[in-house]
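What follows is each chain in one-letter form.
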Amino acid sequence: MMPNKEAFTKWLSVKKTGFHHRQFLLLSLPLDEAMFFLEAVVADYKDSSVVSNNLCISHVKHIPLTRYQDYLGQQTNSLIFDARNGFHLNALYASAGMVQAGGIIVVLLASESSYKPNLGPLKFSYGYTPKTSYFTDVFIRHVKKNNGAYVDPTHSFFPSSAISSPLKQAIEHETQTNQQDWQLSKDQTDIETKITQRINAKASTGSVSIILGPRGRGKSTLIGHIASRLSAKVNNQNTPVVVSALKKRQLQRFYDVNTASQAPYEANRNAPLEKHAIQKNEIKFYAMDEITALAPPHSIVIIDELASIAPALLKRTISHFSHCILTGTTDGYEGSGNGFIHRVLPYLVSHKNTHVYTLSKPFRWLKGDTVETCLHSLLGYMPNMGSSTRTAHTTDKSLQSKINKDVLHDVQFEIIDKTILVKSNKLYAQIFTLLSDAHYQTTPNDIVRTLDANDCIIAIAYKNSSHINKANRQVLGVAILFEEGGELLSSLKHDISLGKRRVQGHLSPQALSLYLLDSDLCELKYLRINRIAVKQAHKRLNIGTNLLQFCEQYAHSTNVDCVSVSYGFTSSLYSFWLKNDFTMAKLGHRIDTASGTCSLLMLKPLRDIPKLSKSLLQFRLQIERQYLRETHKRLHTLYQSIYQTFKADFMFTDTVHKQFVNKALKRYLAKDINLEKIAPILLWLLTHDDAHILPISARSIQELILRYHEKGIHKPEKCEIEHVVFSAVSDIFRVYTEQDHLFDYL
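Criteria and cut-off values
- Numbering of residues starts from 1 in every chain and runs along the sequence as written.
- Local features in this predicted model are restricted to residues whose pLDDT is 70 or higher, and side-chain atom pairs enter the listing and the counts only when it is 80 or higher, whereas totals over whole chains, interfaces and linings include all residues.
- Only hydrogens and water are set aside; all other atoms, that is, all heavy atoms of the structure, feed into the side-chain values.
- Angles shown run from 0 to 180 degrees and are taken between the N-to-C directions of axes, each axis being a line fitted to C-alpha atoms and, for helices, limited to the stretch in contact.
- Runs of H or I in DSSP of at least four residues are treated as helices and runs of E of at least two as strands, each being numbered from the N terminus.
- Geometric relationships in this document are graded by angle, where less than 35 degrees denotes roughly parallel, more than 145 denotes roughly antiparallel, 65 to 115 denotes roughly perpendicular, and other angles denote oblique.
- Whether two residues touch is decided by their heavy atoms; if any such pair falls within 4.5 Å, the residues are in contact.
- The nonpolar class holds Ala, Val, Leu, Ile, Met, Phe, Trp, Tyr, Cys and Pro. Asp, Glu, Lys and Arg form the charged class, and all remaining residues, Gly among them, are polar.
- Any two strands between which DSSP finds at least two bridges are classified as paired.
- Expected span of a helix, by definition, is 1.5 Å for each gap between consecutive residues, and there is one gap fewer than residues.
- Each residue is assigned to one of three classes by its accessible area relative to the maximum for its type, calculated with a 1.4 Å probe on protein chains only: buried under 20%, partly exposed between the two thresholds, exposed over 50%.
- Side-chain atoms alone can form a polar contact between residues adjacent in sequence; in general such a contact is a pair of N or O atoms within 3.5 Å, and within protein one must be able to donate a hydrogen while the other accepts it.

K.L.:
Just to check I follow, could you spell out the packing of helix 4 (residues 134-145) against helix 18 (residues 444-452) for this structure?
P.N.:
Packed helix pairs are specified by the crossing angle of their axes together with the interaxial distance, meaning the distance between the axes. Where helix 4 contacts helix 18, the two axes come as close as 7 Å, and the packing angle between them is 120°. In terms of orientation, helix 4 and helix 18 fall into the oblique class. Between helix 4, through Tyr134, Phe135 and Val138, and helix 18, the contact on the second element is made entirely by Ile447, Val448, Leu451 and Asp452. Grouping the amino acids of the contact of helix 4 with helix 18 by side-chain chemistry returns 6 nonpolar, no polar and 1 charged.

K.L.:
Would you mind showing me how to read the sheet that holds strand 12 (residues 323-329) here?
P.N.:
Picture the strands of a sheet paired through backbone hydrogen bonds; they go either parallel or antiparallel. Across the sheet, 6 strands lie side by side as 10-9-11-12-8-13; this open sheet has parallel pairing. Since the sheet does not close on itself, it has two edges, and those belong to strand 10 (284-285) and strand 13 (354-358), each with one partner. Judged from the 4 bridges that link them, strand 11 (residues 300-303) and strand 12 form a sheet pairing that is parallel. Residue pairing for strand 12: Val301 is matched across the bridge by Cys324.

K.L.:
In this structure, what is going on with helix 26 (residues 655-669)? I would like to understand it.
P.N.:
For the α-helix, the turn length of 3.6 residues means that residues three or four positions removed from each other point alike. Spanning 15 residues, helix 26 covers 21 Å between terminal C-alpha atoms, matching the ideal 21 Å at 1.5 Å per step. Within two residues after helix 26, Lys671 carries a phi angle of roughly 65°, on the positive side.

K.L.:
I tried to follow unusual backbone geometry on my own but got confused; where do I start?
P.N.:
Excluding glycine, a negative phi dihedral is what most residues carry, and trans is how most peptide bonds are arranged. Positive phi outside glycine occurs at Glu305, with the angle close to 55°. With respect to the helices and strands, Glu305 occurs in the loop between strand 11 and helix 11 (311-320). With a relative accessible area of 5%, Glu305 lands in the buried category. Even without being glycine, Arg540 reaches a positive phi, approximately 65°.

K.L.:
Where do I start with the side chain of Ser299 in this structure?
P.N.:
Secondary-structure assignment places Ser299 in the loop between helix 10 (291-294) and strand 11. Owing to a relative accessible area of 0%, Ser299 belongs among the buried residues under this scheme. A polar contact of 2.6 Å, which involves the side chain of Ser299, links it to the backbone oxygen of Pro296. Those residues in contact with Ser299 that sit more than four places away from it in its chain are Pro240, Val242, Phe321 and His323.

Listed below in structure tokens is the structure:
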């Protein structure tokens, strides 16, 4: 049965008349059959864009899937999104925000026989290729529920997107008031006035103004006007207005509006960014990592899409300039999940003379937009669930105590069957809303990976009730687990332990085998806890601890050797995992830009594993402790609370420790590992030469290693240091091997 092309053509023509909501159009067809629909959409909508890495359509703006963030803030009338090899949900959610009222978002889906997820934007763990996409089923169901159109080889339906009469009258009135789409609404005008007044009033003390709102609320349009107004007012006062963002390309809407609002609207607002660059009063752009060094210190600074900027750069910028105007999207898609809301915004609000303004009315589409409703429900942004998931209940303490006891009595635990999960809107919404609230860096892509990855397991804590269907039970806590290691890595374990090979996923075995220089650690079976969350109103009832114990029981039943967890270090989280008998295994060396934390790896072996003994792990951590003290003082300070749990009287006497250092030196001298990997161990040996076994010349090695880790050192000098250190270490340890010194090493 062929798709009903006549019905589609009629539906498309109706959408071009009057006022309509945006709509999804899903095409689950071979590309040659889908082209009829794509060409019709492109012909009817003058301004179209396609988001894909390998699909190009004549006369349509092409946006590479890997560069979608460059186009945030721009606008289009129709969007074609290529999801034939799997969903990049971050990109779909963000780019859908470009589509204006009445527009169409066409999503190309794969048929089950042509689904090739490892060719798509999301990479799944090595050895675990999904055979089907649970997320696609969820997506189709949500689109159909929210007035979307759908076409496959046997079915098609095209629902109306016409808006209601009261809303139509309001739109007609506003359209008559604002003749150009770059003009401001009343709410935007009020904010523009307040911000410019604040800057004028606080000329001596400075100000920070933050404009927040979900996407599509006209933030880029507003700051374009503010920049125009400020630059005109201060033009004779030698106070420049400058702008910054993650990338200049995403400021096109800003420059369009800024240019149009400076003079009568004669220029083509859809002209390329380069055309506006020659305008007389163009606002100068500075990259975020250069703005404090290059922009005049008395500048008024505008920063767009601040959630995509590293917190350290934001803090440095607002401290450097007197007046800053920032915009941020509260939906959490700009690069750091909800990290901006949870981590950065509180800091900015605490800054002197900071004021937050909110835009809530849709600017790019109409009130009640079905596409936005669909995406929010899909991603777990559930406004109607706010009282139960996003805030703690305030109740009488005695009543709360009774509620808590009742809850604890009825709590049960279960591994969720994904086929049940994807069919239950309530269960789906509870799980992903809870994860989004509890883990600020949860992104849309995490939902796709959780549902589709074969190695991913979902465990829940729920309130048991005999009269409620399983699909409708109340979720109190959730844990996302990943299976790792085992026979899948057997053929690669040697190269992984030397750092010569890195496969997708399998975080724990790969990190440990490289860190402890032991290839056999790859073949152990791990169950890694990726996320764990408990509802705010039910915390401090041991639900999280009991959920962990359930996960450990599951691990025992599936012959797992070790449970692991990797997370961003905070003292409270570290205490939680210690309380649950996890052992520190590895310290991260990189500070996350969104959270300001470093990742830690902790373990809980489920049987006696000598290769993961506490003694060996603590010895390795002592080596890292000294290394960080010498090369990364900020990290060393950050980890002080961890160091306090180490043994104060630690001595280098254990045979296991000697064997580890022996193995490391052998691999270095055999050129299996480089200076970067051996450096912490060499530094430890050089500074623990209490018996003065090493010659005085060995001390120069320590100085060279420290120089090697200094910032700004050029590659030729690093190569020279690598050569000198290797030669020196070879000579020293060869001599002392012949004399049976240095603890019988080598």
